[in-house]
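Listed here are the chains, written in short residue letters.
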Amino acid sequence: MQGAKSYNIPKQLMVEAYEKVKANDGACGIDNVMLEEFDKEWKNNLYKLWNRMSSGSYHPMPVKLMEIPKEEGGVEMRTLGIPTVSDRVAQAVVVKQMEEGLERIFHEDSYGYRPRRSAHQAVETARRRCWRYDWVLDLDIRKFFDTIDHELLMKAVRGHTNEGWILLYIERWLKVPYETEDGIQKERVQGVPQGSVIGPLLSNLFMHYAFDEWMRRNYEHIPFERYADDTICHCKSKVEAEELKAKIAARLADCMLALNEVKTKIVYCKDEERTGFHEHEKFDFLGFTFIAWRSKNRWGKYFVNFSPAISGKAKKRISKEIRSWRLHERSDKSLKDLANMFNAKLQGYIGYYSKFYKSAMYPLFQRLNERLAHWVERKFKRVRRHKIRAMKWLGSMYKQNPRLFAHWRLGVCPPMH
């Protein structure tokens, strides 16, 4: 049956792609079909999609446009494009078909959206290199995902596949319009939607040629870590960093991209031995702030160490999330109920941000304990308007069950006396 089709796409590939999409969950597209609804008749839905893709008659639906603030309280917006479930499956098919081959050529220091690679690996590598190199060039590309040039991107894609259906559908995904909540369609002539399944692979491929390979050819002696468009380069001197910045700006311009001059900066990795004052002595990378921290070695002696810890932006975002729980209004719940409701979130924060200099998270969770004490005051009349008693009661609960809350397991416990 497959032989009669224009394109030979294995049915098993469709099933594997669907399993990947299902595991990642995600919001519905403009057709408002949720994953749960698609799953009820998944075999029939996959067959219809396979039939259209194999015959060349598959056309993606417009991408649902969502805009969210890039930063807390900021006016700059991040554009998200949410494809339908069917379109996400179709994109996952292409990803599965291309990913293995591209993995063989991608750069060792490219970490974003790749199998068996993580943000923690990128941060750890950056930490070690900051100890060896005095200066960092912290790069910020202006609206990277929204400004990727389609012609240059397709040139890169054609260099790695001659499968007609892959080339056809990638071009269609690149050109399909955005659609707002009001039903207004916006033409797309550049960029790759954040939120699409194919986007991470295509953006990595674009940056492989725009940046990674260019660095390997011209500046192999300068190490870097790149996670999607978030990139830092390690330099031996400020002069070297300034020269590199100018060369990278010119290279990106050749690739129809531009540096954000305001956010791109040259940073001095100041520590105990690196003295003096410089304009920039810290930078953010993947949710961590690299800065001089006072640390203690194995013999109990303090020293100044240039290392990562949870960033101020991340702490502000987590604080906002915790405030939104409105714990003091949940006096109908038990303490165990609250733990069951919010531990997954807390464990997610701890799992990511406690990897480096975890004590920087402690004040955040001390404030959470204070919010729990406020809940105690509202819950029990005998401690109402008695913060110290409420905190002591919470401490007694910790003593009974020190693993009840995820942050208690981290060692951030209320006072027990």
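Look above for the structure.
A quick note: this is a predicted structure, and the numbers were derived from the prediction, not measured. Every residue gets a number counted from 1 within its own chain, in the order that chain's sequence is written. Given that the model is predicted, a residue must reach a pLDDT of at least 70 before its local features are reported, and side-chain atom pairs must reach 80 or more before they are shown or counted; all residues, however, enter totals for whole chains, interfaces and linings. Processing note: side-chain calculations cover all non-hydrogen atoms of the structure and skip hydrogens and water entirely.

### Some details on the overall build of the protein chain
Secondary structure summary: the protein chain contains 15 helices and 11 strands in total. If one aligns the C-alpha atoms of the protein chain with their principal axes, the spans along those axes are about 75 × 60 × 40 Å. Using a 1.4 Å probe on the protein chains alone, a residue whose accessible area is under 20% of its type maximum counts as buried, one over 50% counts as exposed, and one in between counts as partly exposed. Buried residues in the protein chain amount to 47% of all 417 residues. Note on areas: Shrake-Rupley, 1.4 Å probe, and residue coverage restricted to the protein chains presented here. Carbon and sulfur atoms form 49% of the exposed surface of the protein chain, whose accessible area is close to 21,700 Å². Note on charges: Lys and Arg go in the positive column, Asp and Glu in the negative column, and His and the chain ends are not counted at all. Positions of charges follow a simple convention, taking NZ of Lys, CZ of Arg, CG of Asp or CD of Glu. On the protein chain, the mean spot of the 73 positive side-chain charges and the mean spot of the 54 negative ones are 8 Å from each other. Helix numbering and strand numbering both begin at the N terminus, where a helix is a DSSP run of H or I of at least 4 residues and a strand a DSSP run of E of at least 2.

### Thoughts on the sheet that holds strand E2 (residues 77-82)
Spatially, the 4 strands line up as an open sheet ordered E2-E1-E4-E5, and their pairing is mixed. Edge positions in the sheet fall to E2 and strand E5 (185-186), since each of these pairs with one other strand and no more. In this analysis, strands are considered paired if DSSP registers two or more bridges between them. In this structure, strand E1 (residues 63-69) lies alongside strand E4 (residues 178-179), joined through 2 bridges in parallel fashion. Directly across from Lys64, in E4, lies its bridge partner Glu179.

### A closer look at the environment of Phe356
Secondary-structure assignment places Phe356 in the loop between helix H12 (335-353) and helix H13 (362-379). On a C-alpha basis, the gap between Phe356 and Arg127 in space is 9.7 Å, while along the polypeptide they are 229 residues apart. Note on contacts: a residue pair is in contact if any heavy atoms of the two residues lie within 4.5 Å. When neighbours within four sequence positions are excluded, Phe356 is seen to be in contact with His120, Val123, Glu124, Arg127, Phe288, Pro308 and Ala309.

### Topic: the packing of helix H1 (residues 11-24) against helix H3 (residues 42-55)
Axis lines are fitted through C-alpha atoms, for helices just across the contact stretch, and the angle between N-to-C directions can take any value from 0 to 180 degrees. Packing of H1 against H3 brings their axes to within 10 Å, and their N-to-C directions diverge by 125°. Taken together, the axes of H1 and H3 lie oblique to each other. Note that H1 runs across H3; the crossing there is right-handed. Taken together, the residues of H3 that come into contact with H1 (itself represented by Lys11, Met14, Val15 and Tyr18) are Trp42, Leu46, Tyr47, Leu49, Trp50 and Met53. What sets the label is the angle itself: under 35 degrees gives roughly parallel, over 145 gives roughly antiparallel, 65 to 115 gives roughly perpendicular, and the rest give oblique. It is the rotation of the near helix from the far one that decides the hand of a crossing: anticlockwise by less than a right angle makes it left-handed, clockwise makes it right-handed.

### Considerations on the sheet that holds strand E8 (residues 265-268)
In space, the 4 strands of this open sheet follow the order E6-E7-E3-E8, with antiparallel pairing throughout. Edge positions in the open sheet fall to strand E6 (224-227) and E8, since each of these has one partner strand only. Strand-to-strand twist of the sheet, defined as the mean angle between neighbouring strand axes without regard to direction, takes the value 20°. Looking at chain direction, strand E3 (residues 135-139) and strand E7 (residues 230-235) are connected through 5 bridges and run antiparallel. Looking at the pairing, Trp135 lines up with Cys235 of E7. In the packing of helix H5 (residues 119-132) onto the sheet, the strands contacted are E3, E6 and E7, and the crossing angle to E6 comes to about 160°. Against the sheet, helix H9 (residues 199-218) makes contact with E3, E6 and E7, and its axis sits at roughly 170° relative to E6, the strand it touches most.

### Overview of the nonpolar core
Ranked by size, the top nonpolar core spans 67 residues in total, and within it Met53, Val157, Ile170, Met215, Cys233, Leu244 and Ile248 carry the most contacts. Setting aside residues no more than four positions away along its own chain, Val157 makes contact with Met98, Leu167, Ile170, Leu202 and Leu205. Ranked by size, the runner-up nonpolar core spans 55 residues in total, among them Phe290, Trp325, Leu335 and Leu394. In these notes, a set of buried Ala, Val, Leu, Ile, Met, Phe, Trp, Tyr and Cys residues joined through side-chain atoms within 4.5 Å is what counts as a nonpolar core.

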